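Next come the chains, spelled out residue by residue.
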Amino acid sequence: MKTMPRARQRGAALLLAMIIVTLISTLAVSMVWQQWRAVQVETAERSRAQSAWLLSGALDWVGLILKEDARPTSQGSHLYDHLGEPWAVPLAEARLSTFLAATDKDASTDDAPDAFLSGNVTDAQSRFNLRNLVDPATGQVSAPDKEVLRQLCVNLNVSPTVADVLVNGLRAANTPAGAPGASADGPLPPKRISQLTWLGVDAQALQRLEPYIVMLPDRTTVNVNTASREVIAAAIPGLNVGDAERLVQYRLRTPFKKHADIQAQLTGTAPESLAGVDVKSDFFEVRGRLRLSDRVLEQRSMVRRNQRNIEILSSERISSSDTGR
């Protein structure tokens, strides 16, 4: 039996050693990558959890503002809501540690996250409520509210046929089974404005309508103190956009406190024409945006204020990367 020459033995040993080193290096790199990946996942999850808690705290803070706004006044009750109240002031983006230092002089902000918070509260009753169109118990369409929606479309330069499509779709989606006109294969009832495309509404028309309509769980009126001129002109029969703009300019100086104040500014308008409007609101939309490092978490919540009780009806969170930095 011949033995392998010494030089070849050394070459084979060197090759084997290189293979072993390569395997060990590959395993080491793989372990380091997995550890790095685990750290990144943990960091992202921690950031998401921190952001969610901060936004939840911000929502609770807004709830306190709305509760305080509903506190009984010297006249015995809270009678009206308007855009000059604290809840209507938007929060510009501010560093969280700066905000905490301003609200609590004894708070230490050295360990506070490098987070930036912004947001605003919108009166949901400043928009036309699509829930007014169809009675969920019977599936019957409210003719006056259908006319309000058609007029709103006209005011926004949207075809009035869009209102017909919306009404027919909502009736098909909300008519109870067994009621006259009920459809076995009707569309699913939409929960959000973006889902109205299920009913066949053109996306471009819906984009135009979206800032002026809302879907609330109960029938509501339009708050003249917070609504746009287009919505006011649609909600009050016979009112044009120019007269509605006059109401908007008037409320900037003096918010309407009762129906009689509105009536005084609309000479010749019958009191029954104001049935669809009011000066007080129960539903508010709260938007919060938190920027933490390179991540952005946005939260949109709908709340109901019943006297001084705040109920969160829905809440939606959207996470994204901050590409604007």
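Now for a description of the structure that goes with this document. Since the model is a prediction, treat every value here as computed from it, not as a measurement. (Residues numbered from 1 in each chain as written. Predicted model: local features only at pLDDT ≥ 70, side-chain atom pairs only at ≥ 80, totals over all residues. Heavy atoms only, no water.)

All right, on to the overall build of the protein chain then. Regarding its fold elements, the protein chain presents eight helices and nine strands. Counting over 325 residues, the protein chain shows a buried share of 35%. Total accessible area on the protein chain is roughly 19,200 Å²; 55% of this is exposed by carbon and sulfur atoms. (Helix = DSSP H or I, 4+ residues; strand = E, 2+ residues; numbered from the N terminus. Buried < 20%, exposed > 50% of the residue type's maximum accessible area, 1.4 Å probe, protein only. Areas by Shrake-Rupley, 256 points an atom, 1.4 Å probe, with all protein chains shown as cover.)

Take a probe with the size of a water molecule and roll it over the atoms, and the empty space left behind shows itself. Empty space within the largest pocket amounts to approximately 570 Å³. Lining the largest pocket are 23 residues, and of these Lys191, Arg192, Met215, Met302 and Ser314 sit closest to its centre. Secondary structure elements with two or more residues in the lining of the largest pocket: strand 4 (213–214), strand 7 (283–292), strand 8 (295–306) and strand 9 (309–321). No other element matches the four residues that strand 9 contributes to the lining of the largest pocket. By volume, the second largest pocket amounts to about 380 Å³. Lining the second largest pocket are 25 residues; nearest its centre among them are Pro144, Val148, Ala234, Ala235 and Pro237. (1 Å grid on protein atoms, 1.4 Å probe; cavity = no way out; pocket = protein on both sides within 12 Å on 5 of 7 lines; lining within 4 Å. Points joined across faces, edges and corners; volume = space filled by probe spheres on them.)

The tally for this structure, following the rule as stated, stands at two aromatic pairs. Taking the centre distance of 5.1 Å and the plane angle of 70 degrees together, the rings of Trp87 and Phe284 count as edge-to-face. Here Phe284 lies in strand 7 and Trp87 lies in the loop between helix 1 (6–69) and strand 1 (91–95), a separation of 197 residues in the sequence. By relative accessible area, which is 3% here, Trp87 ends up buried. Across the ring face of Phe116, the terminal group of Arg291 is positioned such that the distance to the ring centre comes to 4.4 Å. (Phe/Tyr/Trp six-rings, centres within 6.5 Å; stacked < 30°, edge-to-face > 60°. Lys NZ or Arg CZ within 6 Å of the ring centre and 35° of its normal.)

A cluster of nonpolar side chains, Leu15, Ile19 and Leu23, forms an exposed patch at the surface whose accessible area comes to about 290 Å². With respect to the element layout, Leu23 can be found in helix 1. On the accessibility criterion, Leu23 (53% relative accessible area) is exposed. (Patch = residues over 30% accessible without salt bridge, like charges linked within 9 Å, V, L, I, M, F, W, Y side chains within 5 Å. Salt bridge = Lys/Arg side-chain N within 4 Å of Asp/Glu carboxyl O.)

In the case of a regular strand, side chains alternate between the two sheet surfaces. Across three bridges, strand 1 lies against strand 2 (residues 115–123) in antiparallel orientation. For Leu91, the partnering residue across the bridge sits in strand 2 and is Gly119. Bridge count for strand 2 against strand 7 is nine bridges, and the pairing is antiparallel. Among the inter-strand pairings, Ser118 is bridged to a residue of strand 7, identified as Arg289. (Pairing = 2+ DSSP bridges.)

With respect to the element layout, Ser314 can be found in strand 9. By relative accessible area, which is 41% here, Ser314 ends up partly exposed. When the C-alpha atoms of Ser314 and Glu285 are compared, they prove to be 9.6 Å apart, with 29 residues separating the residues in sequence. When sequence neighbours within four positions are dropped, the list of residues in contact with Ser314 reads Arg300, Ser301 and Met302. (Contact = heavy atoms within 4.5 Å.)

With respect to the helices and strands, the residue Leu199 is situated in the loop between helix 4 (161–174) and helix 5 (203–209). Along the primary structure Leu199 and Pro189 are separated by ten residues, whereas in three dimensions their C-alpha atoms are 9.1 Å apart. Apart from the residues within four sequence positions on either side, Leu199 is in contact with Val165, Leu166, Gly169, Leu170, Pro187 and Pro190.

This brings us to the pairing of strand 8. The pairing of strand 7 with strand 8 spans ten bridges and is antiparallel. By the bridge assignment, Arg289 is partnered in strand 8 with Glu298. Adjacent in sequence and paired antiparallel, strand 7 and strand 8 are bridged by two residues, among which Ser293 carries a positive phi angle near 60 degrees.

With that settled, the discussion passes to helix 3 (residues 143–155). Here helix 3 contains 13 residues, and its C-alpha end-to-end distance of 18 Å stays within 8% of the 18 Å for a straight helix at 1.5 Å per residue. At its buried positions, helix 3 is contacted by strand 3 (128–129), helix 4, helix 5, strand 4, helix 6 (229–235) and helix 7 (241–253). Once helix 3 finishes, Asn157 follows within two positions and takes phi at roughly 60 degrees, a positive value. (Expected span 1.5 Å × (residues − 1).)

Here we come to the side chain of Gln125. Along the chain, Gln125 falls in the loop between strand 2 and strand 3. At 3.2 Å, the side chain of Gln125 forms a polar contact with the backbone oxygen of Thr221. Sequence-distant contacts of Gln125, defined by excluding residues within four places in its chain, comprise Leu216, Thr220, Thr221, Val222, Asn223, Lys280, Ser281, Asp282 and Phe283. (Polar contact = N/O pair within 3.5 Å; in protein donor to acceptor, adjacent residues only side chain to side chain.)

So, about the nonpolar core. Within the largest apolar cluster, 44 residues are counted, with the highest numbers of intra-cluster contacts made by Leu130, Leu196 and Ile232. Apart from residues no more than four positions distant in its own chain, Leu130 is found in contact with Leu149, Leu170, Ile193, Leu196, Ile213, Val214 and Met215. Counting nine residues, the second largest nonpolar core, distinct from the first, contains Leu59, Val62, Phe284 and Val303. (Core = buried A, V, L, I, M, F, W, Y, C linked by side-chain atoms within 4.5 Å.)

Once their charged atoms are close, side chains differing in charge can pair, the charge on each being opposite to the other. By the definition in use, this model includes 17 salt bridges. Of the charged contacts, one joins Arg229 and Glu245 as a salt bridge, the two residues approaching to 3.7 Å between their closest N and O atoms. Of this pair, Arg229 sits in helix 6 while Glu245 sits in helix 7, placing them 16 residues apart in sequence. Judged by relative accessible area, Arg229 falls into the partly exposed class, the value being 35%. Note on Glu245: relative accessible area 24%, which makes it partly exposed.

In short, geometric facts, not functional conclusions.
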